[in-house]
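So the chains spell out like this:
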Amino acid sequence: MSTAPKRITDIGPPRYDKYLHPVILKNYGQWKFHENISPGVYCHVAESGDRIYTVRAGSPRLLSVQTLRTFADLADKYCGGYLRFTSRNNVEFLLDEPCKIEPLKQELNALGFPVGGTNNAISNIVHTQGWVHCHSSATDASGLVKCVMDAVYERFTHEDLPAKVRIAVACCLNMCGAVHCSDIAILGVHRLPPKVQKDMIRRVCEVPTLIASCPTGAIRPATVDGKPSVTVVDDQCMYCGNCYTVCPAMPMNDAENDGLSIWVGGKVSNARTAPKFSKLAIPFLPNNPPRWPEVVEAVVKIVDVYAANARRYERVGEWIDRIGWPRFFKLTGFEFTRYHIDDFKHAGLTYARSAHVRY
Amino acid sequence: MANTDDDCQCPRTPLLDELENGPWPSFVKEIKASAQTSKSAKDLLGQLELSYEEKKGHWKHGGLVGVLGYGGGVIGRYSDVGEQFPNVAHFHTLRVNHPAGWFYTSDALRSICDIWERHGSGLTNMHGSTGDIILLGTTTPELEPTFQELAQAGFDLGGSGSSLRTPSCCVGMARCEWACYDAMKLCYDLTMAYQDEMHRPPFPYKFKIKCSACPNDCVASIARSDLSIIGTWRDDIQVDDAEVTAAADGGLSIQKHVCDLCPTRCMEWDGQKLAIDNRNCVRCMHCINVMPKALAPGKDRGAVIMIGGKAPIMQGALLSSVLIPFVAASELMETLQELIRRIWDFWDEYGNNRERVGELVQRVGLPAFLDGIGLEPVPEMVSAPRDNPYIYFQAQKGAKS
């Protein structure tokens, strides 16, 4: 009888210093300053005088093992096998020989992985799964990212914006992608309440949990054909999809009514101004795969108007705070509608309560 | 489960093919690369094309799938068009706890690739929104073998459901001069301390911890984590006068681009010397970001601890708010473990099902939450004192009941 190998559990991730470059290990916590050598390339200098060079390239986040092996091969060829990924899905190669920067950049660009995304560039887009793997998505995420990054490609490979611009895509109101604090955010929205599948509810859902899942109390208990079920008060539904996550008998997908909204002016960093939420710019654009021209046009418009009007170091939200929202809508040509005025829980917080008006 | 056909006989995907054009790297090319050897990647391509045609998703959530003894780390995913695409009828995701700061060696990366090619679609996300390595798509019987091979290679699953989600951090001291505490070590130590809470969901809802080593907050901890640990310092900004002069000589307008953009106007430049009123500095990082050679955070370093950040579901998005204005770097782990224990006790006692900590604080009020976890109120916790007079006074001495 062969003995099965002992089962391993709860070992946690690899130790935090297990995969670090020797120069990083030697100078851990002893960095002095850094320089931005060119778009996508940083040099960090340690107190010891040691230097580590970072070459950053964009990736589609959704990566095959074949491409990961290509990254591994590049790391072996140029930097002893040391690489990392960023919080925005870029891949970074960590070099201690500056003469290898240019050949690596050329090989990455030739393979179709653009070098850039640093400093005052548009970095890679943080995004969600979309139709590739999510149950509640109102749209695809990877496709939107591809289309937008194709259109702003030069903004990734150059650093010519007033400040960094962070874009995010989330495919439903769950916002798994930090959409709520991004300079520009694209958010998939549903616009119809869930369609209750009464036969399915009995088999797969716990009715009290389903009722409790609704943030607005729109889901009410009901008896259908003598069995416990629910009804939805349509006017109270804000299409968050929370019910569908706890109960698959509440589908929301609707080809014609699902679409995209555009948000602007959020930030996470504390630099200059406090972190802030993104605000609504466009309440609805059609879901128009495979190229989403309306969405791409709107994002490019925001970036161009921002680039032409903001002052140096001003993030999108800081720029809009300075010029005021009426001027933002005028400059972009976006229509201001009743949907831009908050009427949810903390509505009054965004009403203008001063006589400070620009004319 | 690999299909060894050289010709993948991929389904016709005219809409997705459009997304192979253009300069940005294409995720469609990635799926097609996997489809050369993986039947599930091929069916994923087919189902995704259908979604692009119909403008509709085709995934169903749920089903209790996982590995033995764990209540998380695997996301059950089923196709609602499984007859048409049988190889993605079951297409579960494994979340694998990433190394702190997302650092790898080529060998580590290849070991994950080899395991995933044997057991799943060969498709990954590097990385998911919370930070995990995402292994995208396999069947229930493959979960346990994948998990055990990953464990042999030194990797474990991350969090999902109502658990501690995989903590994440910035690069911190590994490659940043602004790190005010050792974010990678703290993130690792916290992850190891709470393995049980990650793998066996004990909470009313998810709980996220993110460690950013300075107020630039590169992992968005203030927006995306229930417990945000943001590096800062208490003493004076370190100034290298010669480098300030060099920056000015290099064309930077110290007045316009540094002093005038300081949120508290605590800096003055007379053309020769930069003077900083450090008592009024709020540690925003702008001046240091602009002059990384000339300025640096002070030496008395630590972190501000904040509570309650989250995305909209269910009651609306929240940014974290200040809980402890400063904890010295050397005391962070001990302080956090005690604080986390008290927060989880209170949440366990008073939280509703699917109520994040931030929403609990909103519901009961920060004062009651502070009472519950045994913290004294301090003015750093608010942007201003209350502006309404409806105060719930506590019972007065000598009051008759």
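Not measured: the values here are computed from a predicted model.

## Describing the overall build of chain A
Logical step 1: For chain A, the count of helices and strands is eleven helices and 13 strands.
Logical step 2: Dimensions of chain A, computed from C-alpha atoms along their principal axes, come out at roughly 85 × 75 × 35 Å.
Logical step 3: For chain A, the residues scored as buried account for 59% of the 359 residues in total.
Logical step 4: A total accessible area of about 14600 Å² is found for chain A, and carbon and sulfur atoms account for 53% of it.
Logical step 5: Of the side-chain charges in chain A, 42 are positive and 35 negative, and the distance between the mean point of each set is 4 Å.

## Re the state of the cysteines
By definition, a disulfide is the covalent link that joins the sulfur atoms of two cysteine residues.
Residue and element names in this part refer to chain B.
Logical step 1: Considering all chains together, one arrives at one disulfide over all chains under this definition.
Logical step 2: The cysteine C287 is free of any disulfide, with C281 supplying the nearest cysteine sulfur at 6.3 Å.
Logical step 3: The exposure class assigned to C287 is buried, which follows from its relative accessible area of 10%.

## What to know about the environment of Y19 of chain A
Logical step 1: Among the structural elements, Y19 of chain A can be located in the segment before α1 (22-26).
Logical step 2: A relative accessible area of 8% means that Y19 of chain A is categorised as buried.
Logical step 3: When the C-alpha atoms of Y19 of chain A and G81 of chain A are compared, they prove to be 9.5 Å apart, with 62 residues separating the residues in sequence.
Logical step 4: When sequence neighbours within four positions are dropped, the list of residues in contact with Y19 of chain A reads P14 and Y82 of chain A together with P99, F103, Y104, T105, A108 and F155 of chain B.

## As for the sheet that holds strand β13 (residues 279-286) of chain A
All names here are of chain A.
Logical step 1: Overall, mixed pairing links the five strands, which are arranged β7-β8-β9-β12-β13 in an open sheet. The open sheet is flanked by β7 (126-127) and β13, the only strands paired with a single partner.
Logical step 2: Taken together, the five bridges between strand β12 (residues 259-264) and β13 define a ladder with antiparallel strand orientation. The residue bridging I262 from the neighbouring strand is I282, located in β13.

## Section: the interface of chain B and chain A
Logical step 1: Opposite the 116 residues of chain B that make contact, chain A presents 111 residues.
Logical step 2: The contact between chain B and chain A buries some 10200 Å² in all, and 60% of this surface belongs to carbon and sulfur atoms.
Logical step 3: The three residues of chain B that bury the most area against chain A are W24, K55 and R175 of chain B, which together make up 10% of that side's buried surface.
Logical step 4: Between the two partners, chain B and chain A, sit eight salt bridges.

## Points about helix α3 (residues 39-54) of chain B
Along an α-helix, a turn takes 3.6 residues, which lines up residues three or four apart on a common side.
Logical step 1: Helix length check: α3 of chain B, at 16 residues, gives a terminal C-alpha distance of 23 Å against a target of 22 Å (1.5 Å per residue), a fit within 8%.
Logical step 2: Counting buried positions over the 16 residues of α3 of chain B gives 13, a clear majority of the element.

## Describing the pattern of salt bridges
Opposite charge on two side chains permits pairing when their charged atoms draw close.
Logical step 1: Taken as a whole and assessed by the stated rule, the structure comprises 40 salt bridges over all chains.
Logical step 2: For R69 of chain A, the salt bridge goes to E117 of chain B, with nearest N and O atoms at 2.8 Å. Here E117 of chain B lies in helix α4 (residues 106-119) and R69 of chain A lies in helix α2 (residues 65-79), a pairing that spans two chains.
Logical step 3: Between E20 of chain B and K32 of chain B there is a salt bridge, with the nearest N and O atoms lying 2.7 Å from each other. One end of the pair, E20 of chain B, is in the loop between α1 (14-17) and α2 (27-35); the other, K32 of chain B, is in helix α2, and twelve residues separate them in sequence.
Logical step 4: One connected set of salt bridges, linked through shared partners, spans R56, R84 and E92 of chain A together with R175 of chain B.

## Side note on the nonpolar core
Logical step 1: Counting 119 residues, the largest nonpolar core has F93 of chain A together with I229 and I343 of chain B as the members making the most contacts within it.
Logical step 2: Sorting elements by how many residues they give to this core places helix α12 (residues 332-350) of chain B first, with eight residues.
Logical step 3: Of all hydrophobic cores here, the second largest spans 65 residues; its members include Y153 and L285 of chain A together with L16 and W59 of chain B.

## Looking at unusual backbone geometry
Logical step 1: In this structure, the amide linkage connecting P289 of chain A to the following residue, P290 of chain A, adopts the cis form with an omega of 5°.
Logical step 2: Summarising the element assignment, P290 of chain A is placed in the loop between β13 and α9 (293-309).
Logical step 3: The omega torsion across M126 of chain B and H127 of chain B is 10°, close enough to zero to call that bond cis.
Logical step 4: The residue R61 of chain A is not glycine, and still its phi comes out positive at about 70°.
Logical step 5: Positionally, R61 of chain A belongs in the loop between β3 (51-57) and β4 (62-64).
Logical step 6: The exposure class assigned to R61 of chain A is buried, which follows from its relative accessible area of 3%.
Logical step 7: A positive phi angle is found at M285 of chain B, which is not glycine, with a value near 90°.
Logical step 8: Structurally, M285 of chain B can be placed in the loop between β13 (274-276) and α11 (286-290).
Logical step 9: The exposure class assigned to M285 of chain B is buried, which follows from its relative accessible area of 2%.

## Here we look at the packing of α9 of chain A against helix α11 (residues 325-332) of chain A
Residue and element names in this part refer to chain A.
Logical step 1: At a minimum axis separation of 10 Å, α9 and α11 run at an interaxial angle of 115°. α11 is crossed by α9, and the crossing has right-handed handedness. Seen from α9, the contacting residues are K301, I302, V305 and N309; seen from α11, they are F328, L331 and T332.
Logical step 2: Tallied by class, the residues present in the contact of α9 with α11 amount to four nonpolar, two polar and one charged.

## Looking at the side chain of R88 of chain A
Residues and elements named next belong to chain A.
Logical step 1: Within the element layout of this structure, R88 appears in the loop between β5 (82-85) and β6 (91-95).
Logical step 2: Despite its burial, R88 pairs with no opposite charge, the nearest such side chain being D183 at 7.0 Å.
Logical step 3: If near-sequence neighbours (up to four positions away) are discounted, R88 is found in contact with S123, N124, V126, R166 and I167.

## Brief notes about the sheet that holds β3 of chain A
One key point about sheets: their strands pair by backbone hydrogen bonds, in either a parallel or an antiparallel sense.
Logical step 1: Read across the sheet, six strands follow the order β1(A)-β2(A)-β3(A)-β6(A)-β5(A)-β5(B) without closing on themselves; strand pairing throughout is antiparallel. For this open sheet the edge positions go to β1 (31-38) of chain A together with β5 (103-105) of chain B, each flanked by a neighbour on one side alone. The sheet shows a mean angle of 25° between the axes of neighbouring strands, direction not considered.
Logical step 2: Sheet topology note: the strand β2 (residues 41-46) of chain A/β3 of chain A ladder contains five bridges and is antiparallel. Each residue of the ladder has a partner; that of C43 of chain A, found in β3 of chain A, is Y53 of chain A.
Logical step 3: The strands touched by α2 of chain A within the sheet are β5 and β6 of chain A, with β6 of chain A carrying the most contacts at an inclination of about 15°.

Criteria and cut-off values
Residues numbered from 1 in each chain as written. Chains lettered and ligands numbered in written order. Predicted model: local features only at pLDDT ≥ 70, side-chain atom pairs only at ≥ 80, totals over all residues. Heavy atoms only, no water. Helix = DSSP H or I, 4+ residues; strand = E, 2+ residues; numbered from the N terminus. Buried < 20%, exposed > 50% of the residue type's maximum accessible area, 1.4 Å probe, protein only. Areas by Shrake-Rupley, 256 points an atom, 1.4 Å probe, with all protein chains shown as cover. Lys, Arg positive; Asp, Glu negative; His and termini not counted. Charge placed at Lys NZ, Arg CZ, Asp CG, Glu CD. Disulfide = S-S within 2.5 Å. Contact = heavy atoms within 4.5 Å. Pairing = 2+ DSSP bridges. Buried area = accessible area lost by both parts, 1.4 Å probe. Salt bridge = Lys/Arg side-chain N within 4 Å of Asp/Glu carboxyl O. Expected span 1.5 Å × (residues − 1). Core = buried A, V, L, I, M, F, W, Y, C linked by side-chain atoms within 4.5 Å. Axes fitted to C-alpha atoms, helices over the stretch in contact; angles between N-to-C directions. Left-handed = near helix turned anticlockwise from the far one by under 90°. Nonpolar A, V, L, I, M, F, W, Y, C, P; charged D, E, K, R; others polar.

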